[in-house]
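Residue-level listing of the chains:
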There are 2 protein chains.
Amino acid sequence: MTAPRRIHLGLFLQGAGHHVSGWRHPEAESGSENLDLLRRVVQAAEAAKFDMVFLADGLTSGVDAHPSMIARFEPLTLLGALAMVTDRIGLAATASTTYGEPYHLARAFASVDHLSHGRAAWNIVTTSYARTANNFSKSHPEHDARYAIAEEFVDVVRGLWDSWADDAFPKDKARGVYADPGKVRVLDHAGTYYSVKGPLNIPRAPQGHPVLIQAGSSGPGQDLAARAADIVFTAQASLPEAQSFYRSLKARVAGFGRDPASVAVMPGFMPVVGRTLKEASETLRELDRWTDIASAMPLLEERIGHPLGAYDLDGPLPDLPLSDQLRSRAELLTELARREGLTIRQLALRVAAGRGHHIVLGTAADIADRMQEWFEGNAADGFNVMPPYFPGGFDAFVAEVVPILQERGLFRTEYEGTTLRDHLGIGRPAWPGA
Amino acid sequence: MTAPRRIHLGLFLQGAGHHVSGWRHPEAESGSENLDLLRRVVQAAEAAKFDMVFLADGLTSGVDAHPSMIARFEPLTLLGALAMVTDRIGLAATASTTYGEPYHLARAFASVDHLSHGRAAWNIVTTSYARTANNFSKSHPEHDARYAIAEEFVDVVRGLWDSWADDAFPKDKARGVYADPGKVRVLDHAGTYYSVKGPLNIPRAPQGHPVLIQAGSSGPGQDLAARAADIVFTAQASLPEAQSFYRSLKARVAGFGRDPASVAVMPGFMPVVGRTLKEASETLRELDRWTDIASAMPLLEERIGHPLGAYDLDGPLPDLPLSDQLRSRAELLTELARREGLTIRQLALRVAAGRGHHIVLGTAADIADRMQEWFEGNAADGFNVMPPYFPGGFDAFVAEVVPILQERGLFRTEYEGTTLRDHLGIGRPAWPGA
């Protein structure tokens, strides 16, 4: 008997909430250095049996950014900390292939996998914002070059994760054998972008390979996801778009000879829970009212890749050449504006609210209905839940929406296993041999 | 009234113990993935009121390495974890200026400082082993170039740590001010090796700047330490050598216009505690007997920078040209061999035992006497304690030596403050302004 297909849930954690004005809600707590808040929220997600908590990342700062992105914990050190105050929930962090080194990155995620006894996941990004280069003494590679680099980077990381057999460290005191010299695999990678000899200086991870998440929606992004990822994180504003993306992605997965069911598509999803639809709408309207259009515009402009100050805020989005660097993100927003006939102002507020992700307003049952519709309609295998503010905006979801999903048999009521791979129902990669 | 000068104590943590055969001791536990062991040992150090726990690091692996260096946790993720299971002890990790990026490193240490509420320290190393380059798609810079890079790297990191005023994040809900635009300092560094704009994407650290440790003993290493470090970690095999290094270092500190008392010199120190000197000697002899000379030789050869297979193991160390890459380390060992008339075999075993650090055998009182002698004789402001094996080799030090130091008024009986800077008695750097 096959286990029934179940929804996977991630908590997308941002210190100041996802709505750009979430931190201004009377009940909101915020702050990237607010470890106490983050700990409570993650423990609440674990009590609700979420698959994972998910940390975004960026390598720049500035006062005109989304509050959660001005300042935050470095994700891997934070995951190390969260590993000690949780037992079961998966721990996912974003890290860039454009601004990192495969050896450092392979090692840090393997380390978190050990610290958490098999709960680590790496969200692979190539970093879209060119200004990042200013912090790293280099120039920003173009979109397609970034993905070519990422493809090789990911292969090096996976190779390094196979440096040692699972039983490579007998620590046999009598024979004096700490590491078994027959159980090491030297990678000796020499490619286009990287030369990495190995072996990695940490034992093989409890999960073999930490779980891989990919979040790029461009063609090269989908290809990398289809070839290598276990989870695909994506921004889909409507059901038809999400279904189309889901179909396309699963076909690509099959094209790489992989089982489409082994890759979980998890769109971002912002629930705004009220006792009535009216109350939920009022909550969102209030958050939008706190959003200064002057602070929302930079968020839209950096996603579109163009200054928009010369255009009428209450007119339509003009036809603009799409920046190569930001292609997939800019396309999604342009389509959204066209489809819904949004003005520049309305689009800026929408981005400030949910950054192009699906926003659902309503009662807990309304929200559960929408999740079920997307899940059963082959638009999603799960959701990366983006509360507009913390902790209240998440507490309401946990207290009211999760029990409905559980009653409907759509979501687990207890963890069946101990690792993130267990939660996802995917196997552990075997060591390929020396 | 000035507080009396007190010994500073660090626990130098290595998963398999410091003696190369420490892990073979009948009571030893080991393993880099053995989080439970590391946690217990660090909590024991905190209960004993140690200033800090100290993690070495390296960016290569191989079965001929010291067992603690074949495989270990990535230090910063481990510090994140240890921050959650300790309250007061300082948390120091090693990270390389040759194989890292200032932005990543500044951010990760600031993050650990937030996670631990002001207990982070960075041990600055330039990475001496040229084979490291094989894991990082680059070539290994020469010794003096590494230090020139390190000097600039450290300045960039310190500059990034000053990106935000301590009160830069009012999070004023009514006025809608999350970050105060007047309280950010954009670094705009453009130097010889690095171009880093900033600001850093994390609030200013609780300590202002995490504590800086420097461990290079060459001339350029001492200069970097004297200019920038709060703690100097060093390998000194004998009292006269240690006194000479201490004098030299403190003079260099004064030469940079800094108070010599503000920099703590902490040599590595391996205590082997017995009920009698004979029992302690027998413990060390037993550990040495477990050391295979074939596995000890690579450890010596990598420090000397030459293969030694062509020479008589029971003859003297030949005159060898000192490798530029390893100059200070090779000099220390050559001097040690000359002074004590050690054969190659004896030197290899000494390196396998303590890697050139001071080894003290005896009763708890003998060991306390030696520490007092070095401390009062201006050879050390404290010690980085290197137990030959864990946990027993450390438990004996904590149970027997620490109380003697406390009775003599040489070591604290309670933490007076909450941050590592408090433990060291050094101030918190003020924000330099926007």
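Residues numbered from 1 in each chain as written. Chains lettered and ligands numbered in written order. Predicted model: local features only at pLDDT ≥ 70, side-chain atom pairs only at ≥ 80, totals over all residues. Heavy atoms only, no water.

Per an unreviewed UniProt entry, chain A goes by Nitrilotriacetate monooxygenase and derives from Methylobacterium variabile. Quoted verbatim from the Sequence similarities (unreviewed entry) heading of the UniProt record, the comment on chain A is "Belongs to the NtaA/SnaA/DszA monooxygenase family." (UniProt positions renumbered as here; feature names shortened; annotations may be inferred.)

A description of the UniProt feature "binding site: FMN" (unreviewed entry) in chain A should follow, citing residues and the corresponding values.
Residues and elements named next belong to chain A. In the UniProt entry, the feature "binding site: FMN" (unreviewed entry) is given for Asp57, Thr94, His143, Tyr147, Ser217 and Ser218. Tyrosine 147 has contacts with Thr126, Gln214, Gly216, Ser218, Pro220, Gly221 and Leu224, leaving out every residue within four places of it along the chain. On the basis of relative accessibility, which here comes to 7%, the residue serine 218 falls in the buried class. Not counting residues up to four positions away in its chain, the partners in contact with serine 218 are His143, Tyr147 and Ser328. Engagement of the side chain of serine 218 in a polar contact is seen with the side chain of histidine 143, the distance being 3.2 Å. (Contact = heavy atoms within 4.5 Å. Buried < 20%, exposed > 50% of the residue type's maximum accessible area, 1.4 Å probe, protein only. Polar contact = N/O pair within 3.5 Å; in protein donor to acceptor, adjacent residues only side chain to side chain.)

Residue-level account of the relation of the copies chain A and chain B, with values.
Rotating chain A by 180 degrees and translating it 0.0 Å along the rotation axis places it on chain B, where the RMSD comes to 0.0 Å. Look at the turn and shift together and you get a two-fold axis relating the two. Most of the interface of chain A is mirrored in chain B, where 100% of its interface residues again form contacts. (Least-squares fit on C-alpha atoms with pLDDT ≥ 70 in both.)

Please give an account of the packing of helix α12 (residues 364–376) of chain B against helix α13 (residues 392–407) of chain B that cites residues and values.
Residues and elements named next belong to chain B. Between α12 and α13, the least distance of the axes is 9 Å, while the angle of their chain directions is 50 degrees. With respect to each other, α12 and α13 are oriented oblique. In the crossing of α12 with α13, the sense of the turn from one axis to the other is right-handed. Contacts between α12 and α13 involve Ala364, Ala365, Ile367, Ala368 and Met371 on the former and, on the latter, Phe397, Glu400, Val401, Ile404 and Leu405. Taken together, the residues of the contact of α12 with α13 break down into nine nonpolar, no polar and one charged. (Axes fitted to C-alpha atoms, helices over the stretch in contact; angles between N-to-C directions. Helix = DSSP H or I, 4+ residues; strand = E, 2+ residues; numbered from the N terminus. Parallel < 35°, antiparallel > 145°, perpendicular 65-115°, else oblique. Left-handed = near helix turned anticlockwise from the far one by under 90°. Nonpolar A, V, L, I, M, F, W, Y, C, P; charged D, E, K, R; others polar.)

Account for the interface of chain A and chain B, with residues named and values stated.
Between chain A and chain B, the contact holds 71 residues from the first and 72 residues from the second. Carbon and sulfur atoms make up 62% of the area that chain A and chain B hide from each other, which totals about 5,700 Å². In terms of surface lost to chain B, no three residues of chain A exceed A:Trp23, A:Lys173 and A:Tyr178, which account for 13% of the buried area on that side. Put simply, chain A and chain B have two salt bridges between them. Between A:Asp57 and B:Arg107 there is a salt bridge, with its nearest N and O atoms 2.5 Å apart. Of all elements in the fold, only α1 (35–47), α2 (67–70), α3 (75–83), α4 (102–115) and β6 (195–196) of chain A reach the threshold of two or more residues within the side of chain A that touches chain B. It is α4(A) that contributes the most residues to the side of chain A that touches chain B, eight residues altogether. (Buried area = accessible area lost by both parts, 1.4 Å probe. Salt bridge = Lys/Arg side-chain N within 4 Å of Asp/Glu carboxyl O.)

Just give me the short version of the environment of A:Ala254, but keep the residues and values in it.
Tracing the backbone through its elements, the reader meets A:Ala254 in helix α7 (residues 239–255). Along the sequence, A:Ala254 and A:Ala226 sit 28 residues apart, while their C-alpha atoms lie 8.0 Å from each other.

Please give an account of the packing of aromatic side chains that cites residues and values.
Evaluation of the coordinates by the stated rule reveals 32 aromatic pairs over all chains. With 5.5 Å between their ring centres and 80 degrees between their planes, A:Phe50 and A:Phe394 make a pair best called edge-to-face. Here A:Phe50, found in the loop between α1 and β2 (52–55), pairs with A:Phe394, found in helix α13 (residues 392–407); they are 344 residues apart in sequence, far enough to count as distant. You'll find A:Phe50 and A:Phe394 in the same group, each marked buried. Considering the side-chain rings of B:Phe50 and B:Phe397, the 6.3 Å spacing of their centres and the 75 degrees angle between planes classify their relative orientation as edge-to-face. Taken together, the residues B:Phe50 in the loop between α1 (35–47) and β2 (52–55) and B:Phe397 in helix α13 connect sequence positions 347 residues apart. By relative accessible area, which is 0% here, B:Phe50 ends up buried. Each residue in the set A:Trp23, B:Trp164, B:Phe169 and B:Tyr178 is aromatic and connected to the rest through ring pairs, giving one cluster. Above the ring of A:Tyr129, the side-chain terminus of A:Arg131 is found at 4.9 Å from the ring centroid. (Phe/Tyr/Trp six-rings, centres within 6.5 Å; stacked < 30°, edge-to-face > 60°. Lys NZ or Arg CZ within 6 Å of the ring centre and 35° of its normal.)

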